[in-house]
Amino acid sequence: MKITMANPRGLPQSKEALLKSYTTRLKDDVKSMLENFEEIVKLAKGESETQLSKITQSEQDTFEMHVRAANIVRAGESLMKLVSDIKQYLILNDFPSVNEAITQNSKLFRTKQNECDQKLMSLRDDMAADLYDLEEEYYTSIYK
């Protein structure tokens, strides 16, 4: 991957192209949803004068509304897919936050390790002192 000077943010060329494609998909899907919704509202007004009978015009308008509603649903599904793609991209390519999480976990585990080592050392010292007391008691006992 090479970094070009034309990118203001200093992103690699493939990342810049990917972000542009995400932006284009977003704009296209939102535009599609808006245009289809506006057309459905226009059809609902029913003010168009045609040479068709009212029943035929009504059926045609109903069919067109169904098609436009399906287009809105398709654009919505495309937006959900876009959100999923962006999340996946962020999870897979957000190396600074991944490294930060690894560093934090490493520090946490080192702290836990030090605490456990200190507790084990304290336990060892206590056991050594108790063992010394027990040995002294045993060897000075008259019951051995």
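Residues numbered from 1 in each chain as written. Predicted model: local features only at pLDDT ≥ 70, side-chain atom pairs only at ≥ 80, totals over all residues. Heavy atoms only, no water.

Engineer: I'd like to hear about the overall build of the chain, residue by residue, with values.
Structural biologist: Counting its secondary structure elements, the chain contains three helices and zero strands. Residues counted as buried form 14% of the 144 residues belonging to the chain. Here the analysis covers contacts within the chain between residues at least 6 apart in sequence; of these, 60% occur between residues at least 24 apart. Only carbon and sulfur atoms are counted for the fraction: they give 61% of the accessible area of the chain, which is about 12300 Å². (Helix = DSSP H or I, 4+ residues; strand = E, 2+ residues; numbered from the N terminus. Buried < 20%, exposed > 50% of the residue type's maximum accessible area, 1.4 Å probe, protein only. Contact = heavy atoms within 4.5 Å. Areas by Shrake-Rupley, 256 points an atom, 1.4 Å probe, with all protein chains shown as cover.)

Engineer: So what's going on with the pattern of salt bridges? Residues and values would help.
Structural biologist: Overall, the coordinates contain five salt bridges when judged by the stated rule. Note that Lys42 is salt-bridged to Glu39, the shortest N-O span being 3.5 Å. One end of the pair, Lys42, and the other, Glu39, are both in helix α1 (residues 13-45), three residues apart, so they sit about a helical turn from each other. On the basis of relative accessibility, which here comes to 53%, the residue Lys42 falls in the exposed class. A relative accessible area of 25% means that Glu39 is categorised as partly exposed. Of the charged contacts, one joins Glu64 and Arg68 as a salt bridge, the two residues approaching to 3.2 Å between their closest N and O atoms. (Salt bridge = Lys/Arg side-chain N within 4 Å of Asp/Glu carboxyl O.)

Engineer: Residues and numbers for the packing of aromatic side chains, please.
Structural biologist: Tallied over the full model, the rule gives two aromatic pairs. Consider the rings of Tyr22 and Tyr89, whose centres lie 6.3 Å apart with planes at 80°: the pair is edge-to-face. On the criterion of sequence distance, the pair formed by Tyr22 in helix α1 and Tyr89 in helix α2 (residues 54-93) is long-range, its members being 67 residues apart. Across the pair, Tyr89 and Tyr22 agree in class, each one buried. Arranged with centres 5.2 Å apart and planes meeting at 70°, the rings of Tyr138 and Tyr139 form a pair that is edge-to-face. (Phe/Tyr/Trp six-rings, centres within 6.5 Å; stacked < 30°, edge-to-face > 60°.)

Engineer: Give a detailed account of the environment of Asn36, specifying residues and quantitative values.
Structural biologist: Mapping Asn36 onto the fold places it in helix α1. Spatially, the C-alpha atoms of Asn36 and Met65 are 8.7 Å apart, while their sequence positions differ by 29 residues. Setting aside chain neighbours within four positions, we find Asn36 in contact with Arg68, Asn71 and Ile72.

Engineer: Tell me what's going on with the side chain of Asp85, and back it up with residues and numbers.
Structural biologist: Within the element layout of this structure, Asp85 appears in helix α2. Residue Asp85 is classed as buried on the basis of its relative accessible area, which comes to 15%. Setting aside residues up to four positions removed in sequence, Asp85 forms contacts with Tyr22 and Arg25.

Engineer: Summarise the confidence of the model for the chain; cite the residues concerned and give the values.
Structural biologist: Residues of the chain with pLDDT of at least 70 account for 89%, and the chain-wide mean is 86. Averaged pLDDT values over the elements of the chain bottom out at 90 in α1 and peak at 92 in helix α3 (residues 95-139). (pLDDT = per-residue confidence, 0-100.)

Engineer: Describe α2, listing the residues and the values that go with them.
Structural biologist: Taking 1.5 Å per residue as the helical rise, α2 with its 40 residues ought to reach 58 Å, and the 57 Å between its terminal C-alpha atoms agrees with that figure. Buried within α2 we find Gln57, Asp61, Ile72, Ala75, Ser78, Leu79, Leu82, Asp85 and Tyr89. (Expected span 1.5 Å × (residues − 1).)

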